[in-house]
Amino acid sequence: RLVVLAAVGIAITGIVLAPIIIPHIFPNYIDVVEVIQIFSISVIPFTISMIFMSEFLGDEKIRIVLGSNVIFIIVMVLSIIILGNMFGINGIALSMVLADSVEVIFYFIITTNQNNFVFNDPSLVGLIFLAGPMTVIPLFLYVKGVELAGLGASGMVFFITPTAQFLLGFFYFN
């Protein structure tokens, strides 16, 4: 669609032009260049989610829109807490990209399945709501581990882990 292409154009423009324009026009706000670039990325999933939302509202499927908004808020609040503590203002900006992307994924799952499985199966609704805490708990543990072990040790583990996974998969699982 043309609207999505326009959103991609706006995102690319924001990413490319923000470091050029901001220092010249707003020299006191040079720290927000990265934030603007991150928010520029969020234009793409936001636009796609608005398209999905308008389609569902046009079909009077308000429960799906309500479900997506609840998921958006949960992801947004949790990611602001986690990413904001980890990366500061850039983490808060990243939380917007993450929440918008999760909302688009939710809409995509709903539209690819004709019988709206999320609202027909209560156990699946429960699993979706448990997915948030089950994602947040390892992130909190990771943050605490980095604080205890230090950035150097966690960087080495982060570097070695994919190689270890490959070797385990290759030699053990063939």
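Going along each chain's sequence as written, the residues are numbered from 1 onward. The predicted origin of the model limits local features to residues at a pLDDT of at least 70 and limits the giving and counting of side-chain atom pairs to 80 or more, whereas totals for whole chains, interfaces and linings rest on all residues. Only heavy atoms go into the side-chain values, all of them from the structure, while hydrogens and water stay out.

1. A word on the packing of aromatic side chains
Two aromatic rings from Phe, Tyr or Trp, using only the six-membered ring of Trp, form a pair when their centres are within 6.5 Å; if the ring planes differ by under 30 degrees the pair is stacked, by over 60 it is edge-to-face, and anything between is tilted. Counted by the stated rule, this structure contains 3 aromatic pairs. Plain terms: the ring middles of Phe-56 and Tyr-107 are 5.5 Å apart, the flat faces sit at 25° to each other, and that makes the pair stacked. Taken as a pair, Phe-56 in helix H2 (residues 33-58) and Tyr-107 in helix H4 (residues 89-112) lie far apart in primary sequence, 51 residues in all. With respect to class, Phe-56 is no different from Tyr-107; both count as buried. Each helix corresponds to a stretch of at least 4 residues labelled H or I by DSSP, and each strand to a stretch of at least 2 residues labelled E; elements are numbered beginning at the N terminus. Classification of residues uses two cut-offs on accessible area relative to the type maximum, computed with a 1.4 Å probe and protein chains only: under 20% is buried, over 50% is exposed, and between them is partly exposed.

2. Things to note about the environment of Val-3
Here Val-3 is to be found in helix H1 (residues 2-25). Val-3 gets classed as partly exposed once you look at its relative accessible area, which sits at 49%. Separated by 44 residues in sequence, Val-3 and Thr-47 place their C-alpha atoms 7.6 Å apart. What makes two residues a contact is simply this: any of their non-hydrogen atoms within 4.5 Å. The residues contacting Val-3, other than those within four sequence positions of it, are Thr-47 and Ile-51.

3. Quick notes on H2
With 26 residues, H2 extends 38 Å from end C-alpha to end C-alpha; this agrees with the ideal 38 Å at 1.5 Å per step. Positive backbone phi, approximately 60°, marks Glu-60, located one or two places after H2. In a helix, the anticipated span is given by 1.5 Å times the number of residues less one.

4. A short note on the packing of H1 against H2
The axes used here are C-alpha line fits, helices contributing only the stretch in contact, and every angle between their N-to-C directions lies in the interval 0 to 180 degrees. Put simply, H1 and H2 touch, their axes get as near as 8 Å, and they point 175° apart. Compared by their axis directions, H1 and H2 come out roughly antiparallel. Every residue of H2 that contacts H1 at Val-3, Val-4, Ala-7, Val-8, Ile-10, Ala-11, Gly-14, Ile-15, Ala-18, Pro-19 and Ile-22 is listed here: Val-33, Ile-36, Gln-37, Ser-40, Ile-41, Val-43, Ile-44, Thr-47, Ile-48 and Ile-51. Residues are sorted three ways: Asp, Glu, Lys and Arg are charged, Ala, Val, Leu, Ile, Met, Phe, Trp, Tyr, Cys and Pro are nonpolar, and all the rest, Gly among them, are polar. Looking at the contact of H1 with H2, its residues break down into 17 nonpolar, 4 polar and no charged. An angle below 35 degrees is treated as roughly parallel, one above 145 as roughly antiparallel, one from 65 to 115 as roughly perpendicular, and anything else as oblique.

5. Thoughts on the confidence of the model for the protein
pLDDT: the predictor's confidence for each residue, scored from 0 to 100. Mean pLDDT over the protein works out to 79, with 80% of the residues at or above the 70 mark. Of all secondary-structure elements in the protein, the lowest mean pLDDT belongs to helix H5 (residues 117-120), at 50, while H2 reaches the highest, 88.

6. So, a nonpolar patch on the surface
Patch criteria: residues need more than 30% relative accessible area and no salt bridge. Like-charged residues are merged within 9 Å; nonpolar side chains of Val, Leu, Ile, Met, Phe, Trp and Tyr are merged within 5 Å. Each accessible area is a Shrake-Rupley estimate made with a 1.4 Å probe; only the visible protein chains count as cover when residues are assessed. For this analysis, a salt bridge means a side-chain nitrogen from Lys or Arg found within 4 Å of a carboxyl oxygen belonging to Asp or Glu. Together, Ile-12, Ile-15, Val-16, Leu-17, Ile-20, Ile-21, Ile-25, Phe-26, Tyr-29, Val-32, Ile-36 and Ile-41 give the surface a local cluster of nonpolar side chains, amounting to about 1000 Å² of exposed area. Contributions of two or more residues to the nonpolar patch are made by H1 and H2. Residue contributions to the nonpolar patch peak at 7 residues, all from H1.

7. Topic: H1
Note: α-helices contain 3.6 residues per turn, so residues at a spacing of three or four share the same orientation. At Leu-17, H1 is bent by approximately 50°, the largest bend along its length, and proline Pro-19 sits one to four residues beyond. For H1, every residue scored as buried is listed here: Ala-7, Ala-11, Gly-14, Ala-18 and Ile-22. Of the surrounding elements, those touching the buried residues of H1 are H2. The term bend refers to the angle at a residue between two fitted axes, each drawn through seven residues, those ending there and those starting there.

8. Quick notes on the environment of Val-104
Locating Val-104 in the fold gives a position in helix H4. Along the chain, Val-104 and Ser-68 lie 36 residues apart, while their C-alpha atoms are 8.6 Å from each other. Residues in contact with Val-104, not counting those within four places in the same chain, are Pro-45, Ile-48, Ser-49 and Phe-52.

9. Overview of the side chain of Ser-49
Along the chain, the position of Ser-49 falls in helix H2. With relative accessibility at 0%, the residue Ser-49 sits in the buried group. Among residues more than four places away in sequence, those in contact with Ser-49 are Glu-103, Val-104 and Tyr-107.

10. Some thoughts on unusual backbone geometry
In this structure, Glu-60 takes a positive phi of about 60° despite not being glycine. Structurally, Glu-60 can be placed in the loop between H2 and helix H3 (62-87). Classification of Glu-60 as exposed rests on a relative accessible area of 68%.

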